[in-house]
Amino acid sequence: MAILVTGGAGYIGSHTVAELLERGEEVVVIDNLLTGHREALLGGKLYEGDLRDKVTLAKLFSENKIDAVIHFAASSLVGESMKDPVKYYDNNVYGTQCLLEAMQQAGVDKIVFSSTAATYGEPEKVPIEETDRTEPANVYGETKLTMERMMAWFDKVLGIKYVALRYFNAAGAHSSGKIGEDHRPESHLIPLVLQTALKQRESIAVFGDDYPTEDGTCVRDYIHVSDLADAHVRAVNYLRDGNASNVFNLGNGLGFSVKQVIETAKKVTGLDIPVVIQERRAGDPAVLVASSAKARSVLGWNPQHAEVEGIIQSAWNWHSANPQGYGE
């Protein structure tokens, strides 16, 4: 029996494929390669296609014995979602509907879903818990929450069990150095900082230094991508064991400010990283930190890369060896 990974050629998807392969799982991947990279796949059987292509999906499920699905395929840029909501509802929500329909027709009843901390919006308190209010502040977060609600109804009506993993800031790269983070365009802080160290950017923009935090910059919870991959595999096994559908936060429970990340990157790289302070961005909460107590307790998940220096070091290993990413 195989595990289907949608969006498996993407950043977190490719690390999860690597984790599954290391554990001896058979892996099938579907990815349209619009943002993913064929070179990021260390194995598995790739179907190049889109979830909204029902013919390709039906073919995939008929040609493989799928035991469970790990679902990453989605558009994920907050800013873009606020300019093009049609794209986000079509790709994220309708794409998920097509996937769930294909699963039902194939008799596959387990799905682990890549959700997001953006489902919470402006947090009521820190650290954020799974029972806190979900009130997204952008279209991206709203589509992910809609996908969660869709899965809850598919469970109630059709018995398809799901785990939604709401995670915070993914970062770092695989210990082998073979795969890492290569987004086009890049929007995540740590790779942007490292691109600045590599002189691919003149400076790194810090959006606001007057927040009510220790150094005035936003504080975020950074979680190593391999720890995220481990959590997805644990969630699959949780469903295999016959457990009920569930929602889990994934984070270190530790907050690091933008300035702390930049200073740590200077230490790791030994290079100068020029900084330009700009105006705050609308909708940026001062602090976003997760409580992952539930995932630790129920899934037995224990992040192995808690310190930001180690996370940045693994990312630097990848970026310094692959300054052009996957070289496309």
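The coordinates are above.
For every chain, the first residue of its written sequence is number 1, and the numbers climb from 1 along that sequence. The model is predicted, so local features are restricted to residues of pLDDT at least 70 and side-chain atom pairs to those at 80 or more, both for listing and for counting; the totals for chains, interfaces and linings are taken over all residues. To get the side-chain values, take all heavy atoms of the structure and skip hydrogens and water.

Draft legend 1. Layout of the sheet that holds strand E9 (residues 219-220). Spatial strand order, E12-E9-E14: three strands in an open sheet with mixed pairing. Two strands in the sheet have a free side with no partner beyond their single neighbour: strand E12 (256-257) and strand E14 (287-288). A pair of strands is treated as paired once DSSP finds two or more bridges between them. Only runs of H or I of at least four residues qualify as helices and only runs of E of at least two qualify as strands under DSSP, and these elements are numbered from the N terminus. Examined bridge by bridge, E9 and E12 share two bridges and lie antiparallel to one another. Among the inter-strand pairings, arginine 220 is bridged to a residue of E12, identified as phenylalanine 256.

Draft legend 2. Just the nonpolar core, in detail. If you look at the biggest cluster of nonpolar residues, it comprises 33 residues, and the most contacted ones within it are Val5, Ile12, Ile70, Val112, Val163, Leu165 and Leu250. The element that contributes the greatest number of residues to this core is helix H7 (residues 225-240), accounting for eight residues. In what follows, residue pairs with any heavy atoms lying within 4.5 Å of each other are defined as contacts. Aside from chain neighbours lying at most four places away, what touches leucine 250 is Leu165, Arg166, Tyr167, Phe168, Leu228, Ala231, Ser292, Ala295 and Trp301. Nine residue types can take part in a nonpolar core, namely buried Ala, Val, Leu, Ile, Met, Phe, Trp, Tyr and Cys, and a core is a set of them joined through side-chain atoms within 4.5 Å. When a residue's accessible area, from a 1.4 Å probe over protein chains only, is under 20% of the maximum for its type it is buried; when over 50% it is exposed; and in between it is partly exposed. Residues Ala2, Ile30, Tyr47 and Phe154 belong to the second largest nonpolar core, which totals 28 residues.

Draft legend 3. Local environment of the side chain of histidine 319. Mapping histidine 319 onto the fold places it in helix H10 (residues 308-321). For histidine 319, a relative accessible area of 7% puts it in the buried group. Residues in contact with histidine 319, not counting those within four places in the same chain, are Glu181, Pro191, Leu194 and Leu198.

Draft legend 4. Broad picture of the pairing of strand E5 (residues 110-116). Counting buried residues in E5 gives seven out of seven residues, a clear majority hidden from the surface. By the alternation rule, side chains of E5 split into Lys110, Val112, Ser114 and Thr116 and Ile111, Phe113 and Ser115, which are all buried. Here strand E4 (residues 66-71) runs beside E5; their pairing, made up of three bridges, is parallel. Among the inter-strand pairings, isoleucine 70 is bridged to a residue of E5, identified as valine 112. Across seven bridges, the pairing between E5 and strand E6 (residues 161-167) is parallel. Along E6, the bridge assignment pairs phenylalanine 113 with alanine 164. A clockwise path from the first strand over the helix to the second, with the strands pointing away from the viewer, defines a right-handed crossover. Assessed by its sense of winding, the connection that carries the chain from E5 through helix H5 (residues 139-158) to E6 is right-handed.

Draft legend 5. Representation of the packing of helix H8 (residues 258-269) against H10 in the model. Lines are fitted to the C-alpha atoms to define the axes, a helix being fitted only along its stretch in contact, and any angle between axes, read from their N-to-C directions, falls within 0 to 180 degrees. Two numbers describe how H8 lies on H10: the axes approach to 9 Å, and their chain directions differ by 55°. Classified by the interaxial angle, the pair formed by H8 and H10 is oblique. Pair H8 / H10 crosses with right-handed handedness. Touching Val261, Thr264, Ala265, Lys267, Val268 and Thr269 of H8 are Val308, Glu309, Ile312, Gln313 and Trp316, all from H10. By the convention adopted, Pro, Cys, Tyr, Trp, Phe, Met, Ile, Leu, Val and Ala count as nonpolar, Lys, Arg, Asp and Glu as charged, and the other residues, Gly among them, as polar. Classifying every residue of the contact of H8 with H10 gives six nonpolar, three polar and two charged. Angles are sorted into four bins: roughly parallel if under 35 degrees, roughly antiparallel if over 145, roughly perpendicular if 65 to 115, and oblique for all others. By convention the crossing between two helices is left-handed if the near helix lies anticlockwise of the far one by an angle smaller than a right angle, and right-handed if it lies clockwise.

Draft legend 6. Quick peek at the packing of helix H1 (residues 11-22) against H7. Where H1 meets H7, the axes come as close as 8 Å, and the angle between the chain directions of the two elements is 60°. Taken together, the axis directions place H1 and H7 in an arrangement best described as oblique. Crossing angle aside, the handedness with which H1 passes H7 is right-handed. Of the residues in H7, those touching H1 at Tyr11, Ile12, His15, Thr16, Glu19 and Leu20 are Val225, Ser226, Leu228, Ala229, Asp230, His232 and Val233. Across the contact of H1 with H7, the residue classes tally to seven nonpolar, four polar and two charged.

Draft legend 7. Spotlight on the packing of aromatic side chains. In this analysis, rings of Phe, Tyr and Trp, with Trp reduced to its six-membered ring, are considered paired at centre separations within 6.5 Å, and the interplanar angle assigns stacked below 30 degrees, edge-to-face beyond 60, and tilted for intermediate values. In this structure the tally under the stated criterion is two aromatic pairs. Between tyrosine 238 and phenylalanine 248, the ring centres sit 5.9 Å apart and the planes meet at 90°, which makes this aromatic pair edge-to-face. Within this pair, whereas tyrosine 238 is found in helix H7, its partner phenylalanine 248 is found in strand E11 (residues 246-250), the two being separated by 10 residues in sequence. We note that tyrosine 238, like phenylalanine 248, is buried. On the numbers, 4.9 Å between centres and 50° between planes, the contact of tryptophan 318 with tyrosine 326 is tilted. Both residues of the pair, tryptophan 318 and tyrosine 326, count as buried. Here lysine 156 stacks its cationic end above the ring of tryptophan 153, 4.7 Å away from the centre of that ring. Criterion for a charge above a ring: Lys NZ or Arg CZ within 6 Å of the ring centre, and within 35 degrees of the ring normal.

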